[in-house]
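Residues per chain are reported as follows:
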Amino acid sequence: MLGFRTQMPWSSGQASAQEQLCEGTAAVVAARQGMETPLKEVAVAFEDLARGMDADGGELRLAPFGDTCALVSVLFSSLGMAFRFAEIEYVTKVNDLIGAGKSYRTLSDILDKDIENDSVKKQGSHSRNLRRVRLGLGLIKALFEQFLTTEGCSLYDAATTAYGQVCAPFHSWAIRKAVGAGMYTLPSREQLIVRLNETDCSVQKEMRRYIDASSPIIEYIDNLFLSRNISLDW
């Protein structure tokens, strides 16, 4: 069992989720054993990542990026079966980047290498996986933004809107239909707060913290592609 899952109220129903985690990601998350408030810990990790980027002159190093992104899997898990598809894909892509961190120093390095090899959009390339991880970060950010927009907003409404904005444009009709059906299995707003071990007040604070901390990272990744004349419509 992952450390924080043994302590969280929703851990008993998530045993099979760990089996989906590949070894690299599981090791990163296990290193954070004892996380009682995963939402806060994820936000803090992104704040640290942003500070590290500033210290490196605006470059984002791949190894700490992969380690930080691995922690986001707990946020997908807290959403239950409705977002299991996203969690599994996200974890797989993050694990690829963690492995790439042993050979490449920065995110720029992997993108430039794939450009050189004409493999940026090729299935399984590091650049393509980076693009998918960025979408995962954006999906959680958009969901939190919707969750905080209106007092009493249901998680169903927040998740449906976030998915429509971030991921739906890149999914087939069959996937969109399956996701739409899965949305009805989402926990309630109150259940999500309990699963994250937060209160109604603290969850708003920590969601805003994640939004603020992840935004410069997401923007940086988008600019990496755009600065090399690579569109984001894929």
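Basis of the calculations
Residues numbered from 1 in each chain as written. Predicted model: local features only at pLDDT ≥ 70, side-chain atom pairs only at ≥ 80, totals over all residues. Heavy atoms only, no water. UniProt positions renumbered as here; feature names shortened; annotations may be inferred. Helix = DSSP H or I, 4+ residues; strand = E, 2+ residues; numbered from the N terminus. Expected span 1.5 Å × (residues − 1). Buried < 20%, exposed > 50% of the residue type's maximum accessible area, 1.4 Å probe, protein only. Arc of directions from axis to C-beta. Axes fitted to C-alpha atoms, helices over the stretch in contact; angles between N-to-C directions. Parallel < 35°, antiparallel > 145°, perpendicular 65-115°, else oblique. Left-handed = near helix turned anticlockwise from the far one by under 90°. Contact = heavy atoms within 4.5 Å. Nonpolar A, V, L, I, M, F, W, Y, C, P; charged D, E, K, R; others polar.

Where an unreviewed UniProt entry is consulted, the chain appears under the name Glycolipid transfer protein domain-containing protein, with the organism given as Urochloa decumbens. The record in UniProt for the chain states the following under Sequence similarities (unreviewed entry): "Belongs to the GLTP family."

Compared with an ideal rise of 1.5 Å per residue, which puts 12 residues at 16 Å, helix α9 (residues 155-166) spans 16 Å between its outermost C-alpha atoms and is within 8% of the ideal. Among the residues of α9, L155, A158, A159, A162, Y163 and V166 are the ones counted as buried. All buried residues of α9 lie within an arc of 125 degrees about the axis, which places them on one face of the element.

Moving on, we come to the packing of helix α8 (residues 126-149) against α9. Here α8 crosses α9 at 140 degrees, and the two axes come no closer than 8 Å. The orientation of α8 with respect to α9, classified from their angle, is oblique. Between α8 and α9 lies a crossing of right-handed hand. Between α8 and α9, the contacting residues are L135, G138, L139, A142, L143, Q146 and F147 on the first element and L155, A158, A159, T161, A162, Y163, Q165 and V166 on the second. For the contact of α8 with α9, the residue count by class is 11 nonpolar, four polar and no charged.

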